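# Observations on the three-dimensional arrangement
For reference, the chains in residue letters:
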Amino acid sequence: MSFGKMNTFIDIISTEPTKDADGFVIHGDTVLASVRAYFEQKNSTEKWRNMAQSDEVNALFRLRTIPGLALHNRHVIVCEGKRYNIYSVENVKGRGMYLEVLAVSADG
């Protein structure tokens, strides 16, 4: 995957409550990383028809792994003003260089 195809900027967000310096719980979004990614929405190509993950998955993201950050389905991706809940995260070819993330649009 080259930088030419990774032309969409995304934010990886944690929605879990955090504590501030005074010990109070803050409910809100915490941006964990802002990175470039390859973004593809669901369409009627053969590739999407063969993906047997789920009918509700409607977005695919490919991005480079981020050192020190493990993506989970508790995280959210914000891309082009839309929020996507992570459905699954897969290490591409087991090399630890790229991640393929299938996501579901939270906005509808």
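Described below are features of the structure shown in this document. Residue positions are given per chain, counting from 1 as you read along its sequence in written order. Local features in this predicted model are restricted to residues whose pLDDT is 70 or higher, and side-chain atom pairs enter the listing and the counts only when it is 80 or higher, whereas totals over whole chains, interfaces and linings include all residues. Remark: hydrogens and water are excluded; side-chain values derive from all non-hydrogen atoms of the structure.

In the Ramachandran plot, Glu80 falls in the positive-phi region, its phi being about 55 degrees despite a non-glycine side chain. Put simply, DSSP H or I for four residues or longer makes a helix, DSSP E for two residues or longer makes a strand, and each gets a number counted from the N terminus. By the secondary structure assignment, Glu80 is in the loop between strand 6 (75-79) and strand 7 (82-91). Throughout this description, buried means an accessible area under 20% of the type-specific maximum (1.4 Å probe, protein chains only), exposed means over 50%, and partly exposed covers the range between. For Glu80, a relative accessible area of 63% puts it in the exposed group.

With that settled, consider the nonpolar core. Buried Ala, Val, Leu, Ile, Met, Phe, Trp, Tyr and Cys residues that are joined via side-chain atoms within 4.5 Å together make up what is termed a nonpolar core. In terms of nonpolar packing, the biggest core is built from 18 residues, with Ile10, Phe61, Leu63, Ile77 and Tyr84 touching the most fellow members. Among the elements of the structure, strand 1 (8-14), strand 4 (30-41), strand 5 (59-64), strand 6, strand 7 and strand 8 (98-105) are those that each provide at least two residues to this core. Ranked by the residues each element gives to this core, the list is headed by strand 4, at four residues. Excluding its chain neighbours within four sequence positions, the residues that come into contact with Leu63 are Met6, Ile10, Ile12, Val35, Arg36, Ala37, Leu71, Met97, Tyr98, Leu99 and Val101. Whether two residues are in contact is decided by their heavy atoms, any of which lying within 4.5 Å being enough.

A few words now on the side chain of Ser14. In this structure, Ser14 sits in strand 1. Taking the relative accessible area as the measure of exposure, Ser14 reaches 10% and is therefore buried. The residues contacting Ser14, other than those within four sequence positions of it, are Gly28, Asp29, Thr30, Leu32 and His75.

With that out of the way, let us pick up the sheet that holds strand 4. Spatially, the six strands close up into a barrel ordered 1-4-5-8-7-6, and their pairing is antiparallel. Each adjacent strand pair in this sheet contributes to an overall mean axis angle of 45 degrees, direction not counted. Note on pairing: DSSP must find at least two bridges between two strands before they are called paired. With seven bridges connecting them, strand 7 and strand 8 associate as antiparallel partners. What sits directly across from Ser88, in strand 8, is Leu102. Angles run from 0 to 180 degrees between N-to-C directions of axes, and those axes are lines fitted to C-alpha atoms, restricted for helices to the stretch in contact.

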